[in-house]
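Each chain is listed here by its residues.
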Number of protein chains: 2
Amino acid sequence: MARRPPWAELGEFGLIGRVVDRLAAPPPPAGPGDDAAVLDAPDGRVVASTDLLAEGVHFRLDWSSPLDVGHRAAAANLADIAAMGAVPTALLVGVALPPDTTLEVIDGLADGLRDECSLVGAAVVGGDTIRSVAGLLLAVTALGDLQGRAPLTRAGARPGDELLLAGRTGWAAAGLALLQHRLDGFSELVGAHRRPRPPYAAGPQLATAGAHAAIDVSDGLLADAGQEVVAAAGHGALLDWELTGGDDHALLVAVPAGVRVPAARLIGRVQAGSGVFVDGHPAAPTAGHDHFRPGPG
Amino acid sequence: MARRPPWAELGEFGLIGRVVDRLAAPPPPAGPGDDAAVLDAPDGRVVASTDLLAEGVHFRLDWSSPLDVGHRAAAANLADIAAMGAVPTALLVGVALPPDTTLEVIDGLADGLRDECSLVGAAVVGGDTIRSVAGLLLAVTALGDLQGRAPLTRAGARPGDELLLAGRTGWAAAGLALLQHRLDGFSELVGAHRRPRPPYAAGPQLATAGAHAAIDVSDGLLADAGQEVVAAAGHGALLDWELTGGDDHALLVAVPAGVRVPAARLIGRVQAGSGVFVDGHPAAPTAGHDHFRPGPG
């Protein structure tokens, strides 16, 4: 007979009610007990993205608090929406809970999700909870509104475009390395791993400014620049972490020459052909983050 | 050093490409390599629902094929959308893969998701794959279009309304019991557990016909009828599985007296007060399926 989890006495509806109260979101058009949420999509299109975040693969609860994990799970998905030039509006969150999950952990996750959403005016509007046979897992889907803008996609960069970078790169990877090597200090780097700060406003700003293509730098600058249709020639001295570290959710954008927005800085240029060049030298093709490598476990 | 999974040689982008080819869906407005999908929402609203399905909790791969699991994961979410009176349009699918997952399993899941979506004209438009430290897990989010109809919610039934039931109840629960007790035969019941057949068309039909409230019977008829704002008085002889078995995704709908659609049959009436009555007797309050009970493991 399985041991009864601490949250089991609440029952599914009780647990959902507790989390819904915690989220303190404005009530969606359909109630929290309904089978689905009904959301406004005034643009006539909706942008949607989904990501999984698993304990032992993407986070460890001895390195990050439940509040951090909630923030990070929301940030990863909200950043994907912003990278398309859209404004995030809603999250749906599925959570798989191990039997020994405490209510403190559940409350921390809910608070982190809520607080990260509040940065962009979004809210958690639906979800699902199941018991997990292994670690904690969050499945987050984000929805967003293009507000009449054309979506920013990966395909669209043209030779002569300039490459702008919004947000930080390498901070989260450096923070993870500090945790892995049990090095103290550098709390801002460790904090960047625990709670990335994606440049949410940059995507819509750059879409409005006429950007040709954009990508969320979740796999490292070199790997994601290589996803562009044409090559990027970087310039300026960059540290290795800046080039290969993912998880800061920086935004790499190709714009017509001369286009600038406050949130982004010039780091390179698009050329015809393929490959990524740093200071004139081809970048190693194996650089970048592969999600299937053993994670922070 | 972790053993290299059979699908690791494909890399994340290779694996996504293989699955995308397999899904053979019409290309979404944004490409499969993009951070998010862009979907039409002509109604100006979008209906969204999310569900997790975990190996050892909701399914076992010795009882269900990967194709079955794909069908069932899609069906659970598509049914939630239809229960709101909407037509499902898109799925986003997150999959956590154990290291020993074969490509045959991945292909089966993709085929099942695709084939179930094709029953309602929907398509898989986005997703995420991660490695799992335990069993296989699917996180599915479904989106749908109300086509100008008011959403069907749980709240809205009125005394005097009639209760219609669309779809089957008890079949999937009986099928699961057969598998748990290692009983052969009754392939249609076992098939109902492996691949439920939700009455997808009934929700939009009943919304158009002026239904007041509806609920997807995923927790058993008695438990879900109790979720209605007022009580339901059932009539007619029903087997225990029909009353308490979930997972068939039948649709329970409160309609103004006399409203009928071909896909649903009359099973009761809404009265003032609270409680669920079967043949005039109060139903036991503990009846129904609790997702936190040990599942088919």
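Criteria and thresholds
- Residues numbered from 1 in each chain as written.
- Chains lettered and ligands numbered in written order.
- Predicted model: local features only at pLDDT ≥ 70, side-chain atom pairs only at ≥ 80, totals over all residues.
- Heavy atoms only, no water.
- Helix = DSSP H or I, 4+ residues; strand = E, 2+ residues; numbered from the N terminus.
- Buried < 20%, exposed > 50% of the residue type's maximum accessible area, 1.4 Å probe, protein only.
- Contact = heavy atoms within 4.5 Å.
- Areas by Shrake-Rupley, 256 points an atom, 1.4 Å probe, with all protein chains shown as cover.
- Axes fitted to C-alpha atoms, helices over the stretch in contact; angles between N-to-C directions.
- Parallel < 35°, antiparallel > 145°, perpendicular 65-115°, else oblique.
- Left-handed = near helix turned anticlockwise from the far one by under 90°.
- Nonpolar A, V, L, I, M, F, W, Y, C, P; charged D, E, K, R; others polar.
- 1 Å grid on protein atoms, 1.4 Å probe; cavity = no way out; pocket = protein on both sides within 12 Å on 5 of 7 lines; lining within 4 Å.
- Points joined across faces, edges and corners; volume = space filled by probe spheres on them.
- Pairing = 2+ DSSP bridges.
- Arc of directions from axis to C-beta.

K.L.:
Just checking my understanding: could you explain the overall build of chain A for this structure?
P.N.:
Scanning chain A from N- to C-terminus turns up eight helices and 12 strands. Taken over 297 residues, chain A has a buried fraction of 59%. If you take every contact in chain A between residues at least 6 apart in sequence, the share linking residues at least 24 apart comes to 87%. With an accessible surface of roughly 11,700 Å², chain A has 56% of that area assigned to carbon and sulfur atoms.

K.L.:
Would you take a moment to explain the environment of Asp 100 of chain A for this structure?
P.N.:
Residue and element names in this part refer to chain A. As for its placement among the helices and strands, Asp 100 is situated in the loop between strand 3 (87-97) and helix 3 (103-118). Residue classification places Asp 100 among the exposed positions, given a relative accessible area of 53%. On a C-alpha basis, the gap between Asp 100 and Gly 135 in space is 9.8 Å, while along the polypeptide they are 35 residues apart.

K.L.:
For this particular structure, what's the right way to read the packing of helix 2 (residues 66-83) of chain A against helix 3 of chain A?
P.N.:
Geometrically, a packed helix pair is captured by the angle between its two axes and the distance between the axes. All names here are of chain A. At a minimum axis distance of 6 Å, the contact between helix 2 and helix 3 shows a crossing angle of 40 degrees. Considering their axes alone, helix 2 and helix 3 lie oblique with respect to each other. Crossing handedness for the pair helix 2 and helix 3: right-handed. For the pair helix 2 and helix 3, contact is made by Pro 66, Leu 67, Val 69, Gly 70, His 71, Ala 73, Ala 74, Ala 75 and Leu 78 and by Val 105, Gly 108, Leu 109, Asp 111, Gly 112, Leu 113, Asp 115, Glu 116 and Cys 117, respectively. When its residues are assigned to classes, the contact of helix 2 with helix 3 shows 11 nonpolar, four polar and three charged.

K.L.:
Would you take a moment to explain empty space enclosed by the protein for this structure?
P.N.:
Picture a little ball the size of a water molecule; that probe, rolled over the atoms, points out where space is still empty. The tally for this structure, following the rule as stated, stands at eight cavities of 30 Å³ or more. Taken as a whole, the largest cavity holds about 180 Å³ of empty space. If you go around the largest cavity, you meet 21 residues; those closest to its centre are Ser 132, Ala 134 and Leu 137 of chain A together with Ser 132 and Leu 137 of chain B. Partitioning the lining of the largest cavity into residue classes produces 14 nonpolar, four polar and three charged.

K.L.:
What am I meant to see in the sheet that holds strand 1 (residues 37-40) of chain A here?
P.N.:
Sheet strands pair by backbone hydrogen bonding; their relative direction is either parallel or antiparallel. The mixed open sheet is built from five strands, whose spatial order is 1(A)-2(B)-5(B)-3(B)-4(B). Every other strand in the sheet has two partners, leaving strand 1 of chain A together with strand 4 (123-131) of chain B as the edge strands with one partner each. Ignoring which end each strand starts from, the neighbouring axes of this sheet average 20 degrees apart. In this structure, strand 3 (residues 87-97) of chain B lies alongside strand 4 of chain B, joined through eight bridges in parallel fashion. Paired with Ala 96 of chain B across the strands is Ile 130 of chain B, a residue of strand 4 of chain B. In the packing of helix 2 (residues 66-83) of chain B onto the sheet, the strands contacted are strand 2 (45-54), strand 3 and strand 5 (137-145) of chain B, and the crossing angle to strand 2 of chain B comes to about 145 degrees.

K.L.:
What am I meant to see in helix 5 (residues 187-194) of chain A here?
P.N.:
Three or four residues apart is the spacing at which side chains of an α-helix point the same way, because the helix has 3.6 residues per turn. Residue and element names in this part refer to chain A. The complete set of buried residues in helix 5 reads Val 190, Ala 192 and His 193. All buried residues of helix 5 fall inside an arc of 150 degrees around its axis, so they share one side. The secondary structure elements touched by the buried residues of helix 5 are helix 2 and helix 4 (171-180).

The analysis is restricted to geometry; functional conclusions fall outside its scope.
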